[in-house]
Amino acid sequence: MTEMSPLHFKENAIRALGDAELQRALGNMRQGFIEKRTKAAERLPEFDALRDKAKEIKDHVLAHLDLYLEAFEKNCVAGGGTVHWAKDSAQARDIVLNICRLVGAETVTKGKSMVGEEIEINPFLEANGIRPIETDLGEYIIQLRNEPPSHLIAPAIHVNKEQIADAFRQHHRDLSPERPLTDRAALLNEARRALRERFLEADVGITGANFLIAETGSTVIVTNEGNGDLTQTLPRIHIVLASIEKVVPNFDDAATLIRVLARSATGQEMSVYTTVSTGRKRPGDLDGPEQFHVVLIDNGRSKLIGTEFQEVLRCIRCGACLNHCPVYGSVGGHAYGSVYPGPIGKVLTPALQGLENARDLPNASTFCGRCEEVCPMRIPLPKMMRHWREQEYAKRMVAPRVRWALRLWALAARLPSLYHFGARLAAWWLYRRGKKGRGRLAKVPYGEGWTRFRDFPAPLGKTFQSQWRGPRRHRRPSP
Amino acid sequence: MSPRPQNPSVGLFATCLVDLFRPSVGFAAAKLLEDVGCRVALPRGQTCCGQPAYNSGDKANAKRLARRTIAAFRHFDYVVVPSGSCGGMIKTHYPEALADDRKWLPRARAFAEKTYELVSFLHDVMGVRDVKARFEGIAAYHDSCSSLREMGVRVQPRALLASVTGLGLRELPGRDACCGFGGTFCVKYPEISNHMVADKCREIAESGADTVLSGDMGCLMNIAGKLLREGRAIRAYHVAEVLAGVEAAPIGQVKPEAEEATA
């Protein structure tokens, strides 16, 4: 079983690499998402200009976050909503529980919410006798399997059809065990039927928010299944969980972000449903909730304002960085042991959980830069991972052996004569050892990580520097 | 395009990996540069660009090495690097690392301006469109991430390789994907690195190529090492070696006659 902590990244990754089913799922996922995004970007000539504009909007908001949050609160309250401020996960959970208790809620339906995962609302509600039901198909599947999501927008990407059928047979006990569950339509229909009943019996609906509109006090979600609409319109109470950086000034700004969001995420021009909620049901309204609560969650984000990590708060959770990351593509989402996997998680998780609890994450990157290349919000993810490495080094969290090796090497690199002497020595020594190996080594000191999987190309005996400066610069490559 | 510079002085930043493992790349680079009239020199003061320190979080040493490198190459019109990785360190990360150093930041920026990856320098600055070289084989060109994303290298090596007599080129479907080298990443996370390089090698083999070329020794040692371990008969060369027509055994191998001698 995968340990849900970033501290176990290495073991989790190794296990994931050996999981044939997971590898198959990841292979399919990668190509699909990458092709779809590429095509969507190509179809929109101004895509890159839109990205610049989207970045600008969020940068502006982050520079005036207090102002926009207060405006949001004022306008949300004016529309009959209630705004709650939660400093951390515990406060957010208590706020939700209190609302549920005040209305005597037994069942809660939930739209997909990453911040809901972050504050671990489901286990908390369950422990307090309230039954949360995930209504996004992927989330529903992983809830039945008792797993966390493995992707920001495709939470059950790691699960195959057969595993879904197994989960359904185990949990939908009222149906015939003999029923065929081989095709996608059958699975979908069964989930839909099961969820319809839950939608109708829920007392409270919880959703996330892709955007908070300061000007009107509205919240916006984008979904592809319509489950969000049923979650928030059928029950008497609607609770929105939103982290504070979700606020934007107005609908025009949200529209710009929506245009880059779906294209980056799934390659769609827009998600199927874009749903706006403004306040509670007014006299004369045909439907809508009697109470509309918005829980604004900080949970460590405001601490990032003004630091080298501020830009990570531009993230709109599209998942493009995951889809294009070679490390995520190799090990999948669960290996990261945190709610936010992939490159965004490598930057965000140490910020939310502390660097000491997530040390591997910013290190497990080749800095290939593909995440930054596709990020619609142009977040410099590799640069921020490097900032975490700098903190790790400065706080002496790096193993002494590594520190000393780095120091010695850097000292030599500052003394060219010593450096070139060392290089000549190494070239000669490795060449001698490589001679029997016909130009390659099967083992090198301290190189076990390399040679376990690869041969090590041996040097050719003399360094370039020494040959260049050799007897009258003969300028011939060594044999 | 700006006019082609006449006999510019070029400081060759040979890189640690070329210096230690593959001198023929350094000679190939010098030949390619001299063939188009560059005056090439190899300043004694050069060591490492500092990238290992920078990416390991040791910013103080990275800055020291950046200042050293800038000083060692200050007299040249251009600095040319047979690597997108070390080149990217200089071009992108020196100004970033020295951002809070009022004295050195302008120098770092000027230095970044005159620093180029080898093949893009030949193509974009010196206007080279063909080379007089011969190489029998079918090659897949591997884009190193830093060449691609930090140095703007994509069309240039393909354009010049197209002029090599006897050489056919194949594109890899995952040509935007990292090979899994990543500096210390490949020894810190060997299993993940191995997964990535195994994917890359499979793609190279499936492309029908008998040779893999790249502009970065890090990627090449990783890919060549994996190809050798898997026993695949695919040769690995630095792109400069093929463009310069340098005769050398493939990376990680010895010439057939030498092999017979040791066998």
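Calculation criteria
Residues numbered from 1 in each chain as written. Chains lettered and ligands numbered in written order. Predicted model: local features only at pLDDT ≥ 70, side-chain atom pairs only at ≥ 80, totals over all residues. Heavy atoms only, no water. Helix = DSSP H or I, 4+ residues; strand = E, 2+ residues; numbered from the N terminus. Rg over C-alpha atoms; globule rule 2.2 N^0.38 Å. Buried < 20%, exposed > 50% of the residue type's maximum accessible area, 1.4 Å probe, protein only. Contact = heavy atoms within 4.5 Å. Areas by Shrake-Rupley, 256 points an atom, 1.4 Å probe, with all protein chains shown as cover. Lys, Arg positive; Asp, Glu negative; His and termini not counted. Charge placed at Lys NZ, Arg CZ, Asp CG, Glu CD. Pairing = 2+ DSSP bridges. Axes fitted to C-alpha atoms, helices over the stretch in contact; angles between N-to-C directions. Nonpolar A, V, L, I, M, F, W, Y, C, P; charged D, E, K, R; others polar. Domains from an automatic or database assignment. Buried area = accessible area lost by both parts, 1.4 Å probe. Salt bridge = Lys/Arg side-chain N within 4 Å of Asp/Glu carboxyl O. Core = buried A, V, L, I, M, F, W, Y, C linked by side-chain atoms within 4.5 Å. Expected span 1.5 Å × (residues − 1). Parallel < 35°, antiparallel > 145°, perpendicular 65-115°, else oblique.

Quick notes on the overall build of chain B
Helix and strand counts for chain B come out as 14 helices and eight strands. In terms of overall size, chain B behaves like a compact globule, its C-alpha atoms giving a radius of gyration of 18 Å where 263 residues would be expected to give roughly 18 Å. Structurally, chain B occupies a C-alpha span of about 55 × 45 × 40 Å along its principal axes. In chain B, buried positions account for 63% of the 263 residues.

Structural notes on the overall build of chain A
Looking only at helices and strands, chain A has 22 helices and twelve strands in total. In terms of its C-alpha atoms, chain A occupies a principal-axis envelope of roughly 95 × 60 × 45 Å. Taking the contacts inside chain A whose residues are at least 6 apart along the sequence as the reference set, 71% of them involve residues at least 24 apart. Taken as a whole, chain A presents about 21000 Å² of accessible surface, with 53% of it coming from carbon and sulfur. Separation between the mean location of the 69 positive side-chain charges and that of the 55 negative ones in chain A comes to 14 Å.

Some points on the sheet that holds strand β8 (residues 247-248) of chain A
All names here are of chain A. Pairing is mixed in the open sheet, where four strands are placed in the order β8-β5-β6-β9. Two strands bound the open sheet, and with one partner strand each, they are β8 and β9 (273-277). The pairing of strand β5 (residues 211-213) with strand β6 (residues 218-223) spans three bridges and is antiparallel. Note on β6: the bridge partner recorded for leucine 212 is threonine 219. Packed on one face of the sheet, helix α12 (residues 251-265) meets β5, β6, β8 and β9 and runs near 165° to β5.

Structural notes on the packing of helix α1 (residues 9-17) of chain A against helix α11 (residues 190-206) of chain B
Where α1(A) contacts α11(B), the two axes come as close as 9 Å, and the packing angle between them is 35°. Along its contact with α1(A), which presents Phe9(A), Ala13(A), Ile14(A) and Leu17(A), the element α11(B) presents Glu191(B), Ile192(B) and His195(B). Considered class by class, the residues forming the contact of α1(A) with α11(B) number five nonpolar, one polar and one charged.

Observations regarding the domain arrangement of chain B
All names here are of chain B. Segmentation of chain B into domains returns domain 1 (9-124) and domain 2 (129-257). Each of domain 1 and domain 2 has a C-alpha centre, and the two are 22 Å apart. The partner domain 2 presents 28 residues to the 29 residues of domain 1 that form the contact. Carbon and sulfur atoms supply 68% of the area that domain 1 and domain 2 bury against each other, a total of about 2200 Å² over both sides. Summed over the shared surface of domain 1 and domain 2, the result is one salt bridge.

Re the domain arrangement of chain A
Assigned domains within chain A: domain 1 (1-43 + 321-398), domain 2 (47-299) and domain 3 (418-473). The centre of domain 2 of chain A, based on its C-alpha atoms, is set 57 Å off from the matching centre of domain 3 of chain A.

Some thoughts on the nonpolar core
A general trend in soluble globular proteins is that nonpolar side chains are found buried together. Ranked by size, the top nonpolar core spans 72 residues in total, and within it Phe9(A), Phe211(A), Val327(A), Val331(A) and Ile192(B) carry the most contacts. No other element matches α12(A), which puts six residues into this core. Those residues in contact with Phe211(A) that sit more than four places away from it in its chain are Ser218(A), Thr219(A), Val220(A), Lys246(A), Val248(A), Ala254(A), Leu257(A), Ile258(A), Leu261(A) and Ile316(A).

Some details on the pairing of strand β5 (residues 134-142) of chain B
All names here are of chain B. Here five bridges tie β5 to strand β6 (residues 165-170), and the two strands are oriented parallel to one another. Looking at the pairing, alanine 139 lines up with leucine 169 of β6. Examined bridge by bridge, β5 and strand β7 (residues 211-214) share four bridges and lie parallel to one another. Note that in β7 the partner of histidine 142 across the bridge is serine 214.

Re the interface of chain A and chain B
Contact with chain A, which involves 65 residues of that partner, is made by 73 residues of chain B. Taken over both partners, the interface formed by chain A and chain B buries close to 6200 Å², and the fraction arising from carbon and sulfur atoms is 62%. The largest per-residue losses of area from chain A upon contact with chain B belong to Arg438(A), Arg454(A) and Phe464(A), which jointly make up 12% of the total buried on that side. If you look at where chain A meets chain B, you find five salt bridges.

A few points about helix α10 (residues 184-201) of chain A
Residues and elements named next belong to chain A. Spanning 18 residues, α10 covers 26 Å between terminal C-alpha atoms, matching the ideal 26 Å at 1.5 Å per step. Listed as buried for α10 are Leu187, Glu190, Ala191, Ala194, Leu195, Arg198 and Phe199. Here the buried face of α10 lies against β2 (107-110), β3 (131-134), α8 (137-144), α9 (161-171) and α11 (227-233).

Structural notes on the sheet that holds strand β10 (residues 291-297) of chain A
Residues and elements named next belong to chain A. Within the open sheet, the six strands sit side by side as β1-β10-β7-β4-β2-β3. Their pairing is parallel. Single-partner strands in this sheet number two, and they are β1 (82-86) and β3. Here the strands of the sheet are splayed against their neighbours by 25° on average, with no regard to which way each runs. Pairing analysis gives four bridges linking strand β4 (residues 204-207) to strand β7 (residues 237-243), with the strands arranged parallel. By the bridge assignment for β7, isoleucine 206 is matched with isoleucine 239. Strand contacts of helix α4 (residues 65-78): β1 and β10, with the helix running at about 145° to β1, the strand carrying the most contacts. Set on the sheet, helix α5 (residues 89-102) makes contact with β1, β2, β4, β7 and β10; between it and β1 the angle comes to about 145°.

Considering the packing of helix α2 (residues 23-35) of chain B against helix α7 (residues 118-125) of chain B
Residue and element names in this part refer to chain B. Where α2 meets α7, the axes come as close as 11 Å, and the angle between the chain directions of the two elements is 10°. Relative to α7, the element α2 lies roughly parallel. Residues Ala29, Leu32 and Leu33 of α2 lie in contact with α7, whose contacting residues are Leu118, Phe121 and Leu122. When grouped by side-chain class, the residues that make up the contact of α2 with α7 number six nonpolar, no polar and no charged.

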